[in-house]
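# Chains, contacts and geometry: an overview
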Amino acid sequence: MTLRLSDVLADPDLSLRLADGDPASLNQPVRWCAVTELADPRPFLSGGELILTTGLSQLDEAQQRQFVARVAAGRAVGLGFGIGLTHDRIPAATLAEARERRLPVLEIPYATPFIAVDRFVADRVLEEQYGRFADLLDEHDTLARALLSGRGLGALIGSLHQILGAPAMVVDVYGRVLATAPASAAWPVEQILYAARAGVPGDSPMAVPVSVEDSVIAYLCCRRPRRSADVMPYAVSLVGLELARRQAELAGKRRLAGQVLEDLVRGTIGGAEAERRLSPFGIRADDEHALIVASAENDLRKRLVASPPMSGATTAVLEDCLIAVLEPGQSTREAALLLQDYLSRHGSDVRVGIGGWYSGMTGLRWSYYEAHEAMNRGSGINEREQMSLSGLLVASEDVPLRDLAQEVLRPLRDFDAAHAGSLVATLRAYLDADGSVAAVATRLIVHRNTVRYRLEQIERLTGRSLARTADRVQLWLALAASDLLR
């Protein structure tokens with residue numbers, strides 16, 4: 001219990017008397033005792049002290065008033081004046097100035113040594129601190145037990161609410177409430193997050209950042225704690241521990257789901273096996289699913305596995321991409337925006353592709369290829385385009401078209417590099433123009449004979465005939481795979 005001036009006055013062993021002061025002022029807490037005969041003790045005061053003096057340096061009225069004024073300016077809670085030594089009674093000027101300063105004055109009899117008052121205050125203050133430390137340890141134990149009970153973050157915040165005597169909440173950096181107590185509490189979440197990020201104090205509840213591996217991932221919020229506010233740092237550390245555990249669990253699930261999806265996409269497992277292995281993640285063959293594929297230019301594998309979960313979606317990591325398998329009724333656009341927002345915080349050139357809605361395990365593969373092809377079109381969010389068989393072949397990891405493309409086009413690229421030529425550009429224009437020499441000449445602004453000469457060079461260097469459909473398909477696939485690789 002907090003030591004107050006009234007407690008010091010009430011102790012019968014000290015025999016102190018209230019010489020002057022409003023009884024209401026005796027409710028002030030006493031932090032410590034300070035014995036002084038200095039004319040100006042202010043440099044040695046920090047506020048909350050009971051000042052003890054015999055008035056040794058206060059021999060006239062001016063000195064007495066000045067001393068009291070300085071003690072009051074040092075934010076002391078009271079003045080204990082020892083009589084029977086320098087002064088037989090408390091000087092009238094001292095009492096008058098104390099009355100003006102609203103500083104209570106206690107009379108200390110000659111029989112009571114200052115050390116007795118000092119020891120009484122010190123013992124009570126230390127007893128109070130010890131009691132608070134014991135209470136704090138009990139509160140720490142209560143919070144730890146709540147977290148280890150298996151009931152998770154909700155139990156922890158519920159216990160914190162009981163300890164603080166005020167509503168408490170955990171909200172992530174995206175404004176999603178992870179736990180709150182009591183459940184009926186209403187929170188201005190957007191206002192809290194704005195004030196916390198801007199560092200602007202206001203009327204909103206206090207928000208303490210929760211960090212995991214030097215990144216703020218959530219805020220522990222509380223409405224004006226009525227007691228035990230010093231338990232908050234420990235509560236923050238426990239919240240961080242629980243969220244780190246959740247991230248580790250989520251990362252493990254994403255890696256496992258990613259392995260299954262990778263096997264499915266590459267065709268190393270069949271539909272029945274894929275359905276069996278994906279069912280623990282909530283992916284059922286009878287439902288329609290759409291896939292979102294996202295990546296960024298930086299090495300974000302660690303951040304991808306720890307990125308925030310998406311409500312109602314199964315997320316997985318496949319190579320350097322974060323995949324979200326959406327359930328029916330979810331907005332693909334909103335999911336894409338969420339992933340883009342997260343990745344853009346940690347790297348530029350964020351690329352997000354949206355696949356279509358399909359049912360069955362084959363539908364998952366098809367949606368993945370659509371989303372992956374869309375993602376590779378460039379930065380930002382890319383909607384799917386209808387996949388062609390050739391596009392599916394180019395996107396497939398099982399078909400080594402990219403390696404073959406490099407081999408097919410290497411003679412043309414080597415020639416262009418050595419002679420500042422335009423054979424690759426001519427081949428691309430020729431295939432896009434469906435074999436029209438006139439259209440290629442117009443597009444490249446060259447003579448038709450120049451186009452024909454270049455086409456002869458292409459056939460000679462690649463060993464393929466542009467008159468044969470099979471060879472033209474191979475050259476077109478090589479260009480398409482090369483574009484995807486780039």
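Here, the structure is the one placed above.
Since we're looking at a predicted model, the values are computed, not measured. (Residues numbered from 1 in each chain as written. Predicted model: local features only at pLDDT ≥ 70, side-chain atom pairs only at ≥ 80, totals over all residues. Heavy atoms only, no water.)

On to the overall build of the protein chain. Helix and strand content of the protein chain: 17 helices and 15 strands. When the 486 residues of the protein chain are sorted by exposure, 46% land in the buried category. Summarising the internal contacts of the protein chain: among those between residues at least 6 apart in sequence, 65% fall at separations of at least 24. On the protein chain, roughly 24500 Å² of surface is accessible, and the fraction owed to carbon and sulfur atoms is 52%. (Helix = DSSP H or I, 4+ residues; strand = E, 2+ residues; numbered from the N terminus. Buried < 20%, exposed > 50% of the residue type's maximum accessible area, 1.4 Å probe, protein only. Contact = heavy atoms within 4.5 Å. Areas by Shrake-Rupley, 256 points an atom, 1.4 Å probe, with all protein chains shown as cover.)

Quick look at the packing of aromatic side chains now. One pass over the structure, following the stated rule, counts one aromatic pair. Sitting above the plane of the Trp187 ring, Arg223 keeps its charged end 4.7 Å from the centroid. (Phe/Tyr/Trp six-rings, centres within 6.5 Å; stacked < 30°, edge-to-face > 60°. Lys NZ or Arg CZ within 6 Å of the ring centre and 35° of its normal.)

Counting 27 residues, the largest nonpolar core has Leu143, Leu153, Ile157, Leu160, Leu220 and Val239 as the members making the most contacts within it. Elements represented by at least two residues in this core include exactly helix 4 (114-148), helix 5 (152-164), strand 6 (168-172), strand 7 (177-181), strand 8 (206-212), strand 9 (215-222) and helix 7 (232-265). Apart from residues no more than four positions distant in its own chain, Val239 is found in contact with Leu153, Leu156, Ile157, Val170, Val210 and Leu220. In terms of nonpolar packing, the next biggest core, distinct from the first, is built from 24 residues, Leu264, Ile283, Val293 and Ile323 among them. (Core = buried A, V, L, I, M, F, W, Y, C linked by side-chain atoms within 4.5 Å.)

Turning to the sheet that holds strand 9, a few remarks are in order. Strands sit in the order 7-6-9-8 across an open sheet of four strands; the sheet is antiparallel. The open sheet terminates on both sides in strands that have one partner only, identified here as strand 7 and strand 8. Going from strand to strand, the sheet's axes swing by 20° on average, the running direction of each strand aside. In this sheet, strand 9 lies alongside strand 8 in antiparallel orientation, the contact comprising seven bridges. In the strand pairing of strand 9, Ser211 is matched with Val216. Of the strands in this sheet, strand 6, strand 7 and strand 9 are in contact with helix 5, which crosses strand 7 at around 35°. Across the sheet, helix 6 (residues 189-198) is in contact with strand 6, strand 7, strand 8 and strand 9; its angle to strand 6 comes to roughly 75°. (Pairing = 2+ DSSP bridges. Axes fitted to C-alpha atoms, helices over the stretch in contact; angles between N-to-C directions.)

With that settled, consider the side chain of Asp20. For Asp20, the location among the structural elements is in strand 1 (residues 17-20). For Asp20, a relative accessible area of 14% translates into the label buried. For Asp20, the contacting residues outside a window of four places in its chain are Leu95, Arg99, Leu103, Pro104 and Val105.

Let us now look at the side chain of His87. With respect to the secondary-structure elements, His87 resides in the loop between strand 4 (78-82) and helix 3 (92-101). For His87, the side chain forms a polar contact with the main-chain oxygen of Gly55, separated by 3.1 Å. Beyond its immediate stretch of four places on either side in the chain, His87 contacts Thr54, Gly55, Gln58, Gln64, Phe81 and Gly82. (Polar contact = N/O pair within 3.5 Å; in protein donor to acceptor, adjacent residues only side chain to side chain.)

Attention now moves to the pairing of strand 5 (residues 105-108). Burial of strand 5 is two-sided: the residues Val105 and Glu107 facing one way and the residues Leu106 and Ile108 facing the other way are all buried. Relative to strand 5, strand 1 is paired through three bridges, and the arrangement is antiparallel. Its bridge partner lying in strand 5, Leu18 is registered against Leu106. With four bridges joining them, strand 4 and strand 5 adopt parallel strand pairing. Bridging across to strand 5, Gly80 finds its partner in Leu106. Following the chain from strand 4 across helix 3 to the adjacent parallel strand 5, one finds a crossover that is right-handed. (Right-handed = clockwise from strand over helix to strand, strands pointing away.)

Attention shifts here to the sheet that holds strand 1. Spatial strand order, 1-5-4-3-2: five strands in an open sheet with mixed pairing. Every other strand in the sheet has two partners, leaving strand 1 and strand 2 (32-35) as the edge strands with one partner each. Strand-to-strand, the axes of this sheet are offset by a mean angle of 30°, without reference to chain direction. When strand 3 (residues 49-53) meets strand 4, the two strands line up parallel, connected through four bridges. When the sheet's bridge partners are listed, Thr53 is paired in strand 4 with Phe81. Along the sheet face, helix 3 touches strand 1, strand 4 and strand 5 and points at about 80° away from the line of strand 1. In the packing of helix 4 onto the sheet, the strands contacted are strand 2, strand 3, strand 4 and strand 5, and the crossing angle to strand 2 comes to about 155°.

Packed helix pairs are specified by the crossing angle of their axes together with the interaxial distance, meaning the distance between the axes. Axis separation between helix 4 and helix 7 bottoms out at 10 Å; the angle between their running directions is 15°. Considering the angle they form, helix 4 stands roughly parallel to helix 7. Both helix 4 and helix 7 take part in a crossing whose hand is right-handed. On helix 7, the residues that touch His140, Leu143, Ala144 and Leu147 of helix 4 are Tyr234, Ala235, Leu238, Leu241 and Glu242. When its residues are assigned to classes, the contact of helix 4 with helix 7 shows seven nonpolar, one polar and one charged. (Parallel < 35°, antiparallel > 145°, perpendicular 65-115°, else oblique. Left-handed = near helix turned anticlockwise from the far one by under 90°. Nonpolar A, V, L, I, M, F, W, Y, C, P; charged D, E, K, R; others polar.)

A separate point is the pattern of salt bridges. Under the defined criterion, the tally for this structure stands at 20 salt bridges. Here Asp432 ties to Arg443 by a salt bridge, and the two come within 3.6 Å at their closest N and O atoms. On the criterion of sequence distance, the pair formed by Asp432 in helix 14 (residues 423-432) and Arg443 in helix 15 (residues 437-444) is long-range, its members being 11 residues apart. The class for Asp432 is partly exposed, based on a relative accessible area of 45%. Its salt-bridge partner being Asp471, residue Arg468 comes within 2.8 Å of it at the nearest N-O pair. (Salt bridge = Lys/Arg side-chain N within 4 Å of Asp/Glu carboxyl O.)

Right, let's talk about helix 5 for a bit. Taking 1.5 Å of rise per residue, the 13 residues of helix 5 would be expected to cover 18 Å, and the 19 Å separating its terminal C-alpha atoms lies within 8% of that figure. Along helix 5, the residues classified as buried are Gly152, Leu153, Ala155, Leu156, Ile157, Ser159, Leu160, His161, Ile163 and Leu164. Where helix 5 is buried, its residues contact helix 4, strand 6, strand 7, strand 9 and helix 7. (Expected span 1.5 Å × (residues − 1).)

Let us look at unusual backbone geometry. Look at the link from Ala181 to Pro182: it is a cis peptide, with omega at -5°. Topologically, Pro182 is positioned in the loop between strand 7 and helix 6. In this model, Ala420 sits at a positive phi of 55°, which is unusual for a non-glycine residue. Examined against the element boundaries, Ala420 turns out to sit in the loop between helix 13 (401-419) and helix 14.

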